[in-house]
Amino acid sequence: MSNVQTKNKGSISRSSWKNSLKRDWQLYLLLLIPLALVIIFSYGAYPGLRMAFMDYKPAKGFSGSKWVGLGTFQKIFKDADFTRALRNSIAFNILDLLVGFPMPIILALILNELRYQKFKKVSQTILYLPHFLSWAIIGSVALTMFKPSSGLVNVALMNAGIIDSGIPFLNEKWHWAVTYLMIGVWQGMGWGTILYLAAITGISGEQYEAAMIDGANRWQRMVHITLPGIRSTIVTLLIMNLGRVMGSNLERLTALGNTQVKEFQYQLAIYIFNKGLENNKFSQATAVGLFQSAIGVLLVLLSDRIAKKLGDDGLL
């Protein structure tokens, strides 16, 4: 009897798989495209990581290059440029997280409270648009708007009598740091609200109705219903963002940088580009990239474990 049941289960599972494949073959076909991209550009690059443990010479290839073990890592850890790039990357990524992470949450809560749907949709569209602009466009617009003497922002402030002379938003390192962070928040906050708004739609409307009957105002409903309802989404995205604390965006740094702010602009992405492509030190560049990835994975695992101990589901 048990053998018959096992055979029936096996045939059912095979038939259901065949039926699902026959029914949704278009979806499976579309799925092959992103899977192929991930395999080729992510997993396909893994064999190249051995360059981090070699004195890699392009002319000799992998077979002719000398193995040096951890020698490349010892070299970069003693490099003053690496130390400066690492310090700047950690500092700006933590500031990016502190300033930028709460903004999509706040924006999603505000948009959720809007009752005029047409205005809400227009606002969402305007806020999403910066995400689709390249950093080359954002950088050129920012350089035009924030020029000390003729930039739109400085001219408006001087005409209003708020300042007497132009502020070097992108030409002095401390002003550049604030401007760099604010532009990053502006560019990403609209897109980040999509996930939170999607999570808010999953909250039962009955909870809001019950709270309104009990006399809860908008603020109380937001604090006691909306925020707890999207808590798991907040924790998941926070864990993912913590994994990027060691990273840096070469496009963003290049578009907004200049020689006058190089002290703060010099981050790991710039270091890898200079060492790997400009100076042909591919082993050092690969070692730094591997170091970034390893620290990122450790941060994700650690934050996930802490989240689970605090009672959340976590990411993994």
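Rules used in this analysis
Here the residue numbers are simple positions, counted from 1 along each chain's written sequence. Given that this is a predicted model, residues contribute local features only at a pLDDT of at least 70 and side-chain atom pairs are listed and counted only at 80 or more, while totals for whole chains, interfaces and linings are drawn from all residues. Side-chain measures here rest on the full set of heavy atoms in the structure, leaving out hydrogens and waters. Runs of E in the DSSP output that reach at least two residues are strands. Runs of H or I that reach at least four are helices, and both are numbered from the N terminus. Note that the radius of gyration is over C-alpha atoms, with the globule rule given as 2.2 Å times the number of residues to the power 0.38. Contacts between residues were defined by any pair of non-hydrogen atoms, one from each residue, lying within 4.5 Å. For accessible areas, the Shrake-Rupley method is used with a probe of radius 1.4 Å. Any residue's cover is judged against the shown protein chains and nothing else. The charge count treats Lys and Arg as positive and Asp and Glu as negative. His and the chain ends do not count. The atoms used to mark charge sites are NZ of Lys, CZ of Arg, CG of Asp and CD of Glu. Only protein chains enter the accessibility calculation, which uses a 1.4 Å probe; a residue whose area is less than 20% of its type maximum is buried, one above 50% is exposed, and one in between is partly exposed. As used here, the arc is the angular range of directions from the helix axis to the C-beta atoms. One side-chain nitrogen of Lys or Arg within 4 Å of one carboxyl oxygen of Asp or Glu is enough to make a salt bridge. How sure the predictor is of each residue is captured by pLDDT, a score from 0 to 100. Here a polar contact is recorded for every N or O atom pair within 3.5 Å, except that within protein the pair must consist of a potential hydrogen donor and a potential acceptor, and residues adjacent in sequence are included only if both atoms are side-chain atoms. Multiplying one less than the number of residues by 1.5 Å gives the expected span of a helix. Axes here refer to lines fitted to C-alpha atoms; in helices the fit is confined to the stretch in contact. Angles between the N-to-C directions go from 0 to 180 degrees. Any angle between 65 and 115 degrees counts as roughly perpendicular, while under 35 counts as roughly parallel, over 145 as roughly antiparallel, and the rest as oblique. Here is the rule for handedness: rotate from the far helix to the near one, and if that takes an anticlockwise turn smaller than a right angle the crossing is left-handed, while a clockwise turn gives right-handed. Lys, Arg, Asp and Glu make up the charged group, whereas Ala, Val, Leu, Ile, Met, Phe, Trp, Tyr, Cys and Pro make up the nonpolar group; the residues left over, Gly among them, are polar. Stacked, tilted and edge-to-face pairs are distinguished by plane angle, under 30 degrees for stacked and over 60 for edge-to-face with tilted covering the rest, among Phe, Tyr and Trp rings (Trp via its six-membered ring) whose centres lie within 6.5 Å. Distance and angle both matter: a charge sits over a ring if NZ of Lys or CZ of Arg is within 6 Å of the ring centre and within 35 degrees of the ring normal.

A look at the overall build of the protein chain
Phase 1 of the analysis: Broken down by element type, the protein chain carries 17 helices and 2 strands.
Phase 2 of the analysis: Its C-alpha atoms give the protein chain a radius of gyration of 26 Å, more than 25% over the compact-globule value 20 Å for 316 residues.
Phase 3 of the analysis: Expressed as a percentage of contacts within the protein chain between residues at least 6 apart in sequence, the contacts between residues at least 24 apart total 64%.
Phase 4 of the analysis: Total accessible area on the protein chain is roughly 19,600 Å²; 66% of this is exposed by carbon and sulfur atoms.
Phase 5 of the analysis: With 31 positive and 17 negative side-chain charges, the protein chain shows a separation of 10 Å between the mean positions of the two kinds.

Some thoughts on helix α12 (residues 218-229)
Phase 1 of the analysis: Looking at α12, one finds that the buried residues are R221, M222, I225 and T226. Seen end-on, α12 carries its buried residues on one side only, within an arc spanning 125°. In α12, the exposed positions angled more than 90 degrees off the buried face are occupied by W219 and H224.
Phase 2 of the analysis: Of the surrounding secondary structure, the elements contacted by the buried residues of α12 are α6 (102-113), α10 (173-201) and α11 (205-213).

With respect to the side chain of K120
Phase 1 of the analysis: For K120, the position within the fold is in helix α7 (residues 117-128).
Phase 2 of the analysis: Within the buried set, K120 has no salt-bridge partner at all; the shortest N-O distance to an opposite charge, 8.9 Å, is to E113.
Phase 3 of the analysis: When sequence neighbours within four positions are dropped, the list of residues in contact with K120 reads L111, N112 and L114.

Describing the confidence of the model for the protein chain
Phase 1 of the analysis: Scored by pLDDT, the protein chain comes out at a mean of 85, with 94% of its residues at no less than 70.
Phase 2 of the analysis: Of all helices and strands in the protein chain, the one with the weakest mean pLDDT is helix α1 (residues 2-23) (60), whereas helix α5 (residues 80-100) scores best (91).
Phase 3 of the analysis: Per-residue pLDDT stays below 50 along residues 4-13; that stretch engages in 0 contacts with residues further than four places along the chain or on separate chains.

Remarks on the side chain of R252
Phase 1 of the analysis: Among the structural elements, R252 can be located in helix α14 (residues 250-256).
Phase 2 of the analysis: A polar atom in the side chain of R252 sits 3.0 Å from the side chain of D96.
Phase 3 of the analysis: Apart from residues lying up to four places away in sequence, R252 is in contact with D96, W135, Y180, L181 and G184.

Details of the pattern of salt bridges
Phase 1 of the analysis: Applying the stated criterion to the full structure yields 8 salt bridges.
Phase 2 of the analysis: Linking K57 and D55 is a salt bridge whose minimum nitrogen-to-oxygen distance equals 3.7 Å.
Phase 3 of the analysis: Judged by its relative accessible area of 36%, D55 is partly exposed.
Phase 4 of the analysis: A salt bridge links K173 to E263, with the nearest nitrogen and oxygen atoms 2.9 Å apart. Of the two residues, K173 is situated in helix α10 and E263 in helix α15 (residues 262-265); the sequence distance between them amounts to 90 residues.
Phase 5 of the analysis: Accessibility expressed as a relative area gives 23% for K173, which makes it partly exposed.

Here we look at helix α13 (residues 231-242)
Count 3.6 residues to each turn of an α-helix, and residues three or four apart come out pointing the same way.
Phase 1 of the analysis: Here α13 contains 12 residues, and its C-alpha end-to-end distance of 16 Å stays within 8% of the 16 Å for a straight helix at 1.5 Å per residue.
Phase 2 of the analysis: Residues of α13 that are buried include every one of T233, I234, V235, L237 and I239, and no others.
Phase 3 of the analysis: Residues of α13 that are buried in the fold lie against α6, α10, α12 and α17 (282-309).

Here's the deal with the packing of α11 against α12
Phase 1 of the analysis: Taken N-terminus to C-terminus, the directions of α11 and α12 make an angle of 150°; their axes are 11 Å apart at the nearest point. Our classification of the angle between α11 and α12 gives roughly antiparallel. For α11 against α12, the interelement crossing comes out right-handed. Touching Q207, Y208, A211 and M212 of α11 are R221, I225 and T226, all from α12.
Phase 2 of the analysis: Its residues assigned to classes, the contact of α11 with α12 comprises 4 nonpolar, 2 polar and 1 charged.

Some points on the packing of α6 against α10
Phase 1 of the analysis: At their nearest, the axes of α6 and α10 sit 7 Å apart, and the two run at 55° to each other. Taken together, the axis directions place α6 and α10 in an arrangement best described as oblique. In this structure, α6 crosses over α10, and the sense of that crossing is right-handed. Contact residues: α6 offers M103, P104, I105, L107, A108, L109, L111 and N112, while α10 offers V185, M189, G190, G192, T193, Y196, L197 and I200.

Side note on unusual backbone geometry
Phase 1 of the analysis: The phi torsion at N280 lies on the positive side, around 60°, for a residue other than glycine.
Phase 2 of the analysis: Its location among the elements puts N280 in the loop between α16 (268-278) and α17.

A short note on the packing of aromatic side chains
Phase 1 of the analysis: If you walk through the whole model with that rule in mind, you get 17 aromatic pairs.
Phase 2 of the analysis: With a centroid separation of 5.7 Å and 55° between ring planes, the pair formed by F77 and F82 is classed as tilted.
Phase 3 of the analysis: Members of the aromatic cluster, connected to one another through ring pairs, are F53, F73, F77, F82, Y266, Y271 and F291.
Phase 4 of the analysis: Looking at R252, its charged tip hangs above the ring of Y180, at a distance of 3.9 Å from the centre.

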